[in-house]
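# A look at the structure
Now for the letters of each chain:
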Amino acid sequence: MTVYDLHCHSTASDGVLSPRALVERARDMGVAVLALTDHDEVRGLDEAAEAAHGAGMRLIAGVEISVTWRTHTVHVVGLDVDPAHPRLLAGLAANRGGRAERARRIADELARMGIAGALEGAYAYAGNHDLIGRTHFARFLVERGVVKDVKTVFKKFLVKGKPGYVAHAWATLGEALGWIDAAGGVAVLAHPGRYAFGPARMRQLLEEFRALGGIGIEVVTGSHTAEQVPVYADLAAEFGLLASVGSDFHAPGEGGRELGRLARLPAHCRPVWHAWT
Ligand code: AMP
Ligand code: MN
Ligand code: MN
Ligand code: MN
C-alpha cells in the first residue's frame, strides 16, 4: 500500500526540520509520496525534491496559503503546483509581507503582559525570517517557561480573546484559489474540522470554495479526531470534492502527528491524487 502524506512543514515556514531532514524522516516512516506544504512559501521545495529523488520518493510541490474568509482564518493547501509560477510567487510574497508587522504587534501585546523579548525570542526560532509566525512565538513562550507546551500556548495565548492575539487580513479565498489555479495546482481546504464552524457555516465555506475552483478537502489530517474523519468524508462526497490525507507534521516531540502515521481514507472517498495520476 502506497503511503501518502500531503501536508507538512519545514524550516522554510514553522517546521523544525530542514526540507532534506524532513524528507529523510518521511522515508524512514514509510512515506512514498510526500507533499511539502510550507505556509505561504515555496522556497524549501528545491531541496526537498532533490532529497526525495535520492530517497526514491515522490515529492509533490505544495504550499499552504493563509486566507481570511468572513473574518475567519482558514488554510488552503495547493498541491502539485508549479513553484516557479510568477502569479503564485507574487501572491505568496504579498501574503508573507504582513507577517513582520504582525509579529511586532504580537510582541508588543506580550510585552504589555510582562513578557519581554518576545520578538527576538520568536525570530530565533524562525528558519525563514520572512515567515515569522505564531508557532515561533509559541516555542519562545515554552522556552521562557510561560506555558508548558506548544499545544497549551494555543489555548492560553495568541488566539482570539487571549493575550498576544493580533487580527490579521490574509489573502481572500478567491485570490488564493486563483494563484493555485494559475500555477496548475489542485486546491484543497486544509483541516476543515479545526475551524469551529457550525454545519451551516461549514457548508457555506465548502459551497464557496467549490464555486471558486476548490477541488478537495483534507479528510484524514493530524487535526481531525477519529470521529471527524467520517464527517468530512461525507461532506466531501456531498460536495463532489476529492479527499486528501496529511499529517501537518511540524516537529518531532511537539505533540502533533508524526509523518505518515495516518488512518486510511474511508472507502467511499475519491483520493486527491487521482487529480494528478
Ligand atoms: P500563523 O500562520 O502565524 O498564524 O500560525 C499558524 C500556525 O500556528 C499553524 O500552522 C500551526 O502550526 C500553529 N497552530 C495554530 N493553532 C494551533 C494549535 N491549536 N495547536 C498547535 N499549533 C497551532
Ligand atoms: Mn504551522
Ligand atoms: Mn494549517
Ligand atoms: Mn499546516
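The rules behind the values
- Throughout, a residue's number is its position along its own chain's written sequence, starting from 1.
- Both sets of labels track the order of writing: A upward for chains, 1 upward for ligands.
- Totals for whole chains, interfaces and linings use all residues, but because this is a predicted model, local features are given only for residues with pLDDT of at least 70 and pairs of side-chain atoms are given and counted only at 80 or more.
- Side-chain measures were taken over the full set of non-hydrogen atoms in the model, leaving aside hydrogen atoms and water.
- Donors, by definition, are the N, O and S atoms found within 2.8 Å of a metal, the threshold being 3.2 Å for Na, K and Ca, and water is not counted, so a site can look incomplete.
- Put simply, DSSP marks the helices as runs of H or I at least four residues long and the strands as runs of E at least two long, and each gets a number from the N terminus on.
- Summary of the distance rule: residues count as near a molecule or strand when at least one heavy atom falls within 4 Å of that molecule or strand.
- A 3.5 Å cut-off defines polar contacts: any pair of N or O atoms within that distance qualifies, except that in protein one atom must be a possible hydrogen donor and the other a possible acceptor, and neighbouring residues in sequence count only when both atoms are side-chain atoms.
- Residue burial considers only the protein chains on display, and all accessible areas are found by Shrake-Rupley using a 1.4 Å probe.
- Here a patch means residues that are over 30% exposed by relative accessible area and free of salt bridges, tied together within 9 Å if like-charged and within 5 Å if nonpolar (Val, Leu, Ile, Met, Phe, Trp, Tyr).
- What counts as a salt bridge is simple: a side-chain nitrogen of Lys or Arg found within 4 Å of a carboxyl oxygen of Asp or Glu.
- In this count, Lys and Arg are taken as positive residues and Asp and Glu as negative ones, while His and the chain termini are left out.
- Think of each charge as sitting on NZ of Lys, CZ of Arg, CG of Asp or CD of Glu.
- A 1.4 Å probe rolled over the protein chains alone gives each residue an accessible area, and that area as a share of the maximum for its type sets the label: buried under 20%, exposed over 50%, partly exposed in between.
- Delimitation of the domains relies on an automatic or database domain assignment.
- Under the convention adopted here, Pro, Cys and the residues Ala, Val, Leu, Ile, Met, Phe, Trp and Tyr are nonpolar, Asp, Glu, Lys and Arg are charged, and Gly plus all remaining residues are polar.
- Residues are called lining when one of their atoms sits within 4 Å of a cavity or pocket point, these points coming from a 1 Å grid over the protein atoms alone, where a cavity is a set in which a 1.4 Å probe fits but cannot get out and a pocket is an open set with protein on both sides within 12 Å along at least five of seven lines.
- Grid points are joined across faces, edges and corners, and a volume is the space filled by probe spheres set on the points.
- Fitting a line to C-alpha atoms yields each axis, with helices limited to the stretch in contact; the angle taken between N-to-C directions then spans 0 to 180 degrees.
- Handedness of a helix crossing follows the sense of rotation of the near helix relative to the far helix, less than a right angle counterclockwise being left-handed and clockwise being right-handed.
- Residue contacts are counted whenever heavy atoms from the two residues lie within 4.5 Å of one another.

### Quick notes on the coordination of the manganese ion (ligand 3)
Angles at a metal have ideal values that depend on geometry: 109.5 degrees with four tetrahedral donors, 90 or 180 degrees with six octahedral donors. Only Glu 64 (OE), His 75 (ND1) and His 191 (NE2) from the protein reach the manganese ion (ligand 3) as donors, at distances of 2.1 to 2.2 Å. Here the donor residues for the manganese ion (ligand 3) map to a single chain with the spacing E-x10-H-x115-H. Between the manganese ion (ligand 3) and the manganese ion (ligand 2), the interatomic distance is 5.6 Å. Here the residue His 75 occupies a position in strand S4 (residues 72-79), and His 191 occupies one in the loop between strand S5 (186-189) and helix H9 (199-211), the gap between them amounting to 116 residues.

### Re the site of ligand 1
Taken together, Asp 14, His 39, Arg 99, Arg 102, Gly 133, Arg 134, Thr 135, Phe 154, Arg 194 and His 250 make up the full set of residues near ligand 1. Contacts to ligand 1 include His 39, whose side-chain N or O atom sits 2.8 Å from an oxygen atom. The separation between an oxygen atom of ligand 1 and a polar side-chain atom of His 250 is 2.9 Å. Burial of ligand 1 by the surrounding chains reaches 81%, relative to a free accessible area of 500 Å².

### So, a positive patch on the surface
Residues Lys 148, Lys 151, Lys 155 and Lys 156 make up a contiguous surface patch of positive charge. Here Lys 151 shows up in helix H7 (residues 150-156). Overall, Lys 151 belongs to the exposed group, its relative accessible area being 56%.

### Some details on the domain arrangement of the protein chain
Where interface size is given, it is often the accessible area lost as the parts come together that is meant. Here the protein chain is described as being made up of domain 1 (4-96 + 170-275) and domain 2 (100-156). Here the C-alpha centre of domain 2 lies 24 Å away from the C-alpha centre of domain 1. Remark: the boundary between domain 1 and domain 2 carries two salt bridges. Across the pair Asp 130 and Arg 43 runs a salt bridge, and its minimum N-O distance is 3.3 Å. The interface formed by domain 1 and domain 2 holds eight residue pairs in polar contact (both at pLDDT 80 or more) in total. A class-by-class count of the residues in the side of domain 1 that touches domain 2 yields four nonpolar, five polar and six charged.

### What about the layout of surface pockets?
If you add up the space inside the largest pocket, you get close to 1600 Å³. Around the largest pocket, the lining is made up of 45 residues, and of these His 75, Arg 134, Phe 154, Val 159 and Arg 194 lie nearest the centre. Put simply, the parts of the chain that give the lining of the largest pocket at least two residues each are strand S3 (58-69), S4, helix H4 (99-112), helix H6 (134-143) and H7. With four residues, the top contributor of residues to the lining of the largest pocket is H7. Classifying every residue of the lining of the largest pocket by side-chain character gives 15 nonpolar, 18 polar and twelve charged. As a volume, the second largest pocket reaches approximately 240 Å³. Taken together, Met 1, Thr 2, Val 3, Tyr 4, Val 245, Gly 260, Leu 262, Ala 263, Arg 264, Leu 265 and Trp 273 make up the full set of residues lining the second largest pocket.

### What about the packing of helix H1 (residues 19-28) against helix H2 (residues 45-55)?
Contact geometry of H1 with H2 gives a least axis separation of 8 Å together with a crossing angle of 35 degrees. Crossing of H1 over H2 shows right-handed handedness. Contact residues: H1 offers Pro 19, Arg 20, Val 23 and Arg 27, while H2 offers Glu 47, Ala 48, Glu 50, Ala 51, Ala 52 and Ala 55.

### Considering unusual backbone geometry
Look at Asp 80: it is not a glycine, yet its phi comes out positive at around 60 degrees. If you check the backbone angles, Ala 196 has positive phi at about 55 degrees while not being a glycine. Along the chain, Ala 196 falls in the loop between S5 and H9.

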